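Remarks on the overall topology
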Amino acid sequence: MAAFVALALGAAGMALRLWLLTQGFPAPNTDEATAGLAAWHIAQGSAFPVFFYGQSYLGAIYSYVAAPFFVLFEPSVFVLRLPALMLYAGFLVVMYHLVKRLCSPWFAVFTVGLLSLGADRVLRNQLIGGGQYPESLFCVALLFLLTLYGGTRRALHFGAWGLLAGLMLWNSWNTLPCLAVAGLLLLVRCRSYGWRFAVLGVGVVVGALPLLWHNVVALPEDRSLHVLQILTSAGTDAPLTDRFHGGAVLGLPLALGLCEPGVCHPWQLTLVPTVLTAALLTVLTALLLALSRSALSRFPLRPARADASRSALSRSALSRSALSRSALSRFPLRPARADASRSALSRFPLRPARADASRSRGRLVVIHIHNADPHPLGRDQTARGSRLRGCGSHQRMWITMESYAVAVRRIATGTKAVIARYRSGLTRSCSGGDGWVRGGLVAAGVVTTVLYVRSPASADTPIESARYLHLLLVSWPFVLWPLWQRRVAGRAVLAGLAAGMCWATIHITPVDRAKTQAQQRVLAVLEERGITEYYGDYWACGWGSLSTSEKRVCGVLNDELRKGFNRYEPHWQRVANANPKVFVASADSSFDRAVRAKLTGYEVIELGAYRVYDGRYGRGREGLDSS
């Protein structure tokens, strides 16, 4: 029953996300278009990038997953997002089995219900086909499931664990805390299977091979560690209080789906602290009760003197009986001679033929072998058999159907034992309780949050950077598990949390739909005017190239109208060679203001969230330097 309810809730979550995709939510952006461009090149076989174009630290795994879809369908943003939707479905399945195994079936249903909801930030992480987030969420949950079930005495499971961990190292280093905790759990629970960790190491190397190869052949300034060091040190030196407010107070509600688009109301900010405080108090109460029970068990009540004497007498009687049994076992009674002969005959169950044997005992079958070797077992063995069975010169063999039945039963029992042992090896072959895994999942979430709070992005751009906490969705159910065990008070807190998430899900605004429609109008204007190359700011480029299969490309300029951050250099070369007099700018952006101030005589086309500046029939560009 629980599985069917979870399936219905998961289907509702999938339907919600599919409907949002058809409504143009979220609006395409340049980062997503870059991942789609890499997938398009992989589908054509023209390029096989290790990282997304222009980034030497984010693996292009998502592009390789999306490439088959571009082979089957025409490239578009909707097709690019289909793998993200499938990865979300896989994430729900894995989380259901993980929570069911570590907690309870109905709490797994509740978890699927919470994960089916989604506020603005959560839905963007799960639906944008830009890589790093959809596949990381699924793979990290699967890695912990392999740590729990896989634990495994079979080298194949260790190899699969290592391969998945290596792929995550290549994909995104934001998964490092989860990988470290999962690896430590596997090492602690399966430490007796030492040589299989060599297979795990081989899997890690194979999964991370593109990353390792890039860092071997790349220039020092393009290596992953150098790029990651630059990114982590970028930003302002904000005080710790600002980082804590942006990373924990504001970041946790955003990442867990409790806030409306771009804003968190005070009552929404208090939900996470309330839940965490209630869970912590529940754990402390349970810990104190366990300690008190342990203290009482160490000092039990002693029995009265009369009971003690009776206990002592019973122990002495037991000791005497044990000694007598030991003596008898050392000197067993030997059977009489007649019994010995019967014992010897029982070792050779072949009996002489009788005319009425088959009739009197229906389970006996007589087989006579004539004209055969009179001594098939040798002269000594034949003579011995003749003496025991009273046979003549020819051999008579008696085979009972009962012996066949016993053999079949033994084979069936052995087969069942092998299957049961295999299944037990798949479920619990490593030592260590489920509490270790639950605690490890909570610890992974804590470490991820602490590292994010320490970064400058938590204070500089708290709303947009909350996406770096997307892996908390894997740890969050196990923070809530102690509350679920409290029948009244704990579940009342969980009901309030679910109500807050429903409120945030309902209040998703259609602002992205208007932006998506504006992008479609920009592409229609460019097609109508025969424009194939144009300039734009970073957020106005990229999506046009993907949606038109590179029939129209864009070159990125900065606010000084010079060459900006072009993720794919061949597009810039193509635009620079064409030297167009067309600009696409995000309305009211700094780039838009620079174009208006420095360029004159251009036709301005208002398209909602964007403006198109066409100067092909005007005086041209003034002050533009595309070097």
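Residues numbered from 1 in each chain as written. Predicted model: local features only at pLDDT ≥ 70, side-chain atom pairs only at ≥ 80, totals over all residues. Heavy atoms only, no water.

Let us look at the confidence of the model for the chain. Per-chain confidence: the chain averages 81 in pLDDT, with 77% of residues scoring 70 or above. Per-residue pLDDT stays below 50 along residues 350-399; that stretch engages in 44 contacts with residues further than four places along the chain or on separate chains. (pLDDT = per-residue confidence, 0-100. Contact = heavy atoms within 4.5 Å.)

Counting across every chain of the model gives two disulfides. Covalent S-S linkage joins Cys 259 and Cys 264, the inter-sulfur distance amounting to 1.4 Å. The sign of the 95° torsion about the S-S bond sets the Cys 259-Cys 264 disulfide as right-handed. Here Cys 259 falls in the buried class, since its relative accessible area comes to 3%. Cys 264 sits in the buried class, given a relative accessible area of 13%. Disulfide partner of Cys 541: Cys 554, at an S-S distance of 1.8 Å. Of this pair, Cys 541 sits in the loop between β3 (533-536) and α28 (543-547) while Cys 554 sits in strand β4 (residues 553-556); the two residues are 13 residues apart in sequence, bridging distant segments of the chain. Cys 554 carries the same exposure label as Cys 541, and that label is buried. (Disulfide = S-S within 2.5 Å. Buried < 20%, exposed > 50% of the residue type's maximum accessible area, 1.4 Å probe, protein only. Helix = DSSP H or I, 4+ residues; strand = E, 2+ residues; numbered from the N terminus.)

Another point: the pattern of salt bridges. Enumeration according to the criterion identifies 17 salt bridges in this entry. In this structure, Glu 32 and Arg 81 form a salt bridge, with 2.6 Å as the shortest nitrogen-oxygen distance. With Glu 32 in helix α2 (residues 30-44) and Arg 81 in helix α4 (residues 77-102), this pair connects stretches of sequence that are 49 residues apart. Here Glu 32 matches Arg 81 in class, with each residue buried. Among the ionic pairs, Asp 434 bridges to Arg 101, the shortest N-O distance being 2.7 Å. Residue Asp 434 is located in helix α22 (residues 434-454), and its partner Arg 101 is located in helix α4; the two are separated by 333 residues in the primary sequence. A relative accessible area of 15% places Arg 101 in the buried class. What you see here is one network of salt bridges that share partners, running through Asp 588, Asp 592, Arg 596, Glu 606 and Arg 611. (Salt bridge = Lys/Arg side-chain N within 4 Å of Asp/Glu carboxyl O.)

This part takes up the sheet that holds strand β7 (residues 610-614). Strand order in the open sheet formed by five strands is β4-β3-β5-β7-β6, and the pairing between neighbours is mixed. One side of each edge strand has no neighbouring strand; the edge strands of this open sheet are β4 and β6 (603-607). When strand polarity is set aside, the average angle formed by the axes of neighbouring strands in this sheet is 25°. As defined by bridge partners, β6 adjoins β7 across five bridges and the pair is classed as antiparallel. By the bridge assignment, Leu 607 is partnered in β7 with Tyr 610. (Pairing = 2+ DSSP bridges. Axes fitted to C-alpha atoms, helices over the stretch in contact; angles between N-to-C directions.)

Below, the discussion takes up empty space enclosed by the protein. Counting across every chain of the model gives four cavities of 30 Å³ or more. If you add up the space inside the largest cavity, you get close to 170 Å³. When residues of the lining of the largest cavity are traced back to their parent elements, those giving at least two are α2, α28 and β4. The dominant element in the lining of the largest cavity, judged by the number of residues it contributes, is α2, at four residues. Looking at side-chain class alone, the lining of the largest cavity contains nine nonpolar, six polar and one charged residues. (1 Å grid on protein atoms, 1.4 Å probe; cavity = no way out; pocket = protein on both sides within 12 Å on 5 of 7 lines; lining within 4 Å. Points joined across faces, edges and corners; volume = space filled by probe spheres on them. Nonpolar A, V, L, I, M, F, W, Y, C, P; charged D, E, K, R; others polar.)

Taking 1.5 Å per residue as the helical rise, α2 with its 15 residues ought to reach 21 Å, and the 21 Å between its terminal C-alpha atoms agrees with that figure. Of all 15 residues that make up α2, twelve are buried, and the element is covered over most of its length. Every buried residue of α2 is accounted for by Thr 30, Glu 32, Ala 33, Thr 34, Ala 35, Gly 36, Leu 37, Ala 38, Ala 39, Trp 40, His 41 and Ile 42. One side-chain oxygen at the N-terminal end of α2 lies 3.1 Å from the backbone nitrogen of Asp 31; it belongs to Asn 29. Trailing α2 by a residue or two, Gly 45 shows a phi angle of about 80°, which is positive. (Expected span 1.5 Å × (residues − 1). Polar contact = N/O pair within 3.5 Å; in protein donor to acceptor, adjacent residues only side chain to side chain.)

Within β7, five of the five residues are buried, which leaves it mostly tucked inside the rest of the structure. Strand direction decides the pairing type here: strand β5 (residues 582-586) and β7, joined by five bridges, are antiparallel. What sits directly across from Phe 583, in β7, is Tyr 613. Counting the residues in the hairpin turn of β6 and β7 gives two residues, including Gly 608, whose phi is positive at 75°.

So, on to the side chain of Ser 586. Structurally, the position occupied by Ser 586 is in strand β5. With residues up to four places along the chain from it excluded, the contact list for Ser 586 reads Asp 537, Trp 539, Ala 540, Asp 592, Ala 609 and Tyr 610.

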